[in-house]
Amino acid sequence: MRTVKEVSKLTGVSVRTLHHYDAIGLLKPTEVTKAGYRLYDDTALGRLQNILLFRELRFPLKEIKAILDSPDFDPSEALAQQIRLLELQYKHLGELISFAREIQEKGVRKMDFHVFDKSEIEEYKAEAKEKWGNTKEYKEYEQKQGETEDFGEKAGQLMKLFAELGALRTLPPADKAVQGKIKALQNFITSNYYACTAETLRGLGQMYVEDERFKNNIDRVGGEGTAAFVREAIEAYC
């Protein structure tokens, strides 16, 4: 059994991230001592290894949890899928490098955009999600996604909420106006995506800061520092 600090040192995953994975149910410690120390066995480390591989493949934390918690999850088959996805990404990166070098060497701006096409990677990821996404939360998410074709409108409404939160970021995170927006955010996620409990919302707040894609998009609509502000406001709310 290893302590959380030993696992952090072994894997390079920060103690804070391991605590976050515990909070959202992604990676629970094997045992918690009476003194409150988290301990992890080899099975937990194997799950962490899977988490890190899926993170390298840019799977969101909620999708990773759905995959790993699926009753049909087969570690060996999942590893084969991970290897295939990594190979596709390696191939894609190699094509991009060759494309950029050709421009650099010839000094010609080619009007060729096929090297930016990631459809093969996305199709393979979709297959993995379809195979393993059998948990209640994942099915709920898929059902609500299928209830309307107006995905762009929902995304726009979500970004509008972040923009409104960004406009309030000079206020304390616990301010009544800010907390009202966080409640609206929680309600919106529950209505349009999946049941957003306090635990889920706290996990999302952490992801808004840790995942560069979320952070950049939120800061883009709300202003620099909005993602961090939203995370702090969520902590106060929860």
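Here's what I pulled together on the structure shown here. No experiment lies behind these values; they were computed from the predicted model shown.

Describing the pattern of salt bridges
Next, step 1: For the structure shown, the criterion picks out nine salt bridges.
Next, step 2: Put simply, D22 and R38 hold a salt bridge, and the shortest N to O gap is 2.7 Å. Of the two residues, D22 sits in helix α2 (residues 15-23) while R38 sits in strand β3 (residues 38-40), which places them 16 residues apart along the sequence.
Next, step 3: For D22, a relative accessible area of 9% puts it in the buried group.

Quick notes on the packing of helix α10 (residues 198-210) against helix α11 (residues 212-222)
Axis angle and axis distance: for two packed helices, these are the angle between their axes and the distance between the axes, and together they describe the pair.
Next, step 1: Running from amino to carboxyl end, α10 crosses α11 at an angle of 85°, the nearest separation of the two axes being 5 Å. By the angle between their axes, α10 is roughly perpendicular relative to α11. Counting all contacts with α10, which are made through M207, Y208, V209 and E210, the residues of α11 involved are E212, F214, K215 and I218.
Next, step 2: Of the residues belonging to the contact of α10 with α11, the class tally is five nonpolar, no polar and three charged.

Quick word on the environment of R213
Next, step 1: Along the chain, R213 falls in helix α11.
Next, step 2: Counting along the chain gives 155 residues from R213 to R58, while the straight-line C-alpha distance between them is 9.7 Å.

Rules used throughout
Residues numbered from 1 in each chain as written. Predicted model: local features only at pLDDT ≥ 70, side-chain atom pairs only at ≥ 80, totals over all residues. Heavy atoms only, no water. Salt bridge = Lys/Arg side-chain N within 4 Å of Asp/Glu carboxyl O. Helix = DSSP H or I, 4+ residues; strand = E, 2+ residues; numbered from the N terminus. Buried < 20%, exposed > 50% of the residue type's maximum accessible area, 1.4 Å probe, protein only. Axes fitted to C-alpha atoms, helices over the stretch in contact; angles between N-to-C directions. Parallel < 35°, antiparallel > 145°, perpendicular 65-115°, else oblique. Contact = heavy atoms within 4.5 Å. Nonpolar A, V, L, I, M, F, W, Y, C, P; charged D, E, K, R; others polar.

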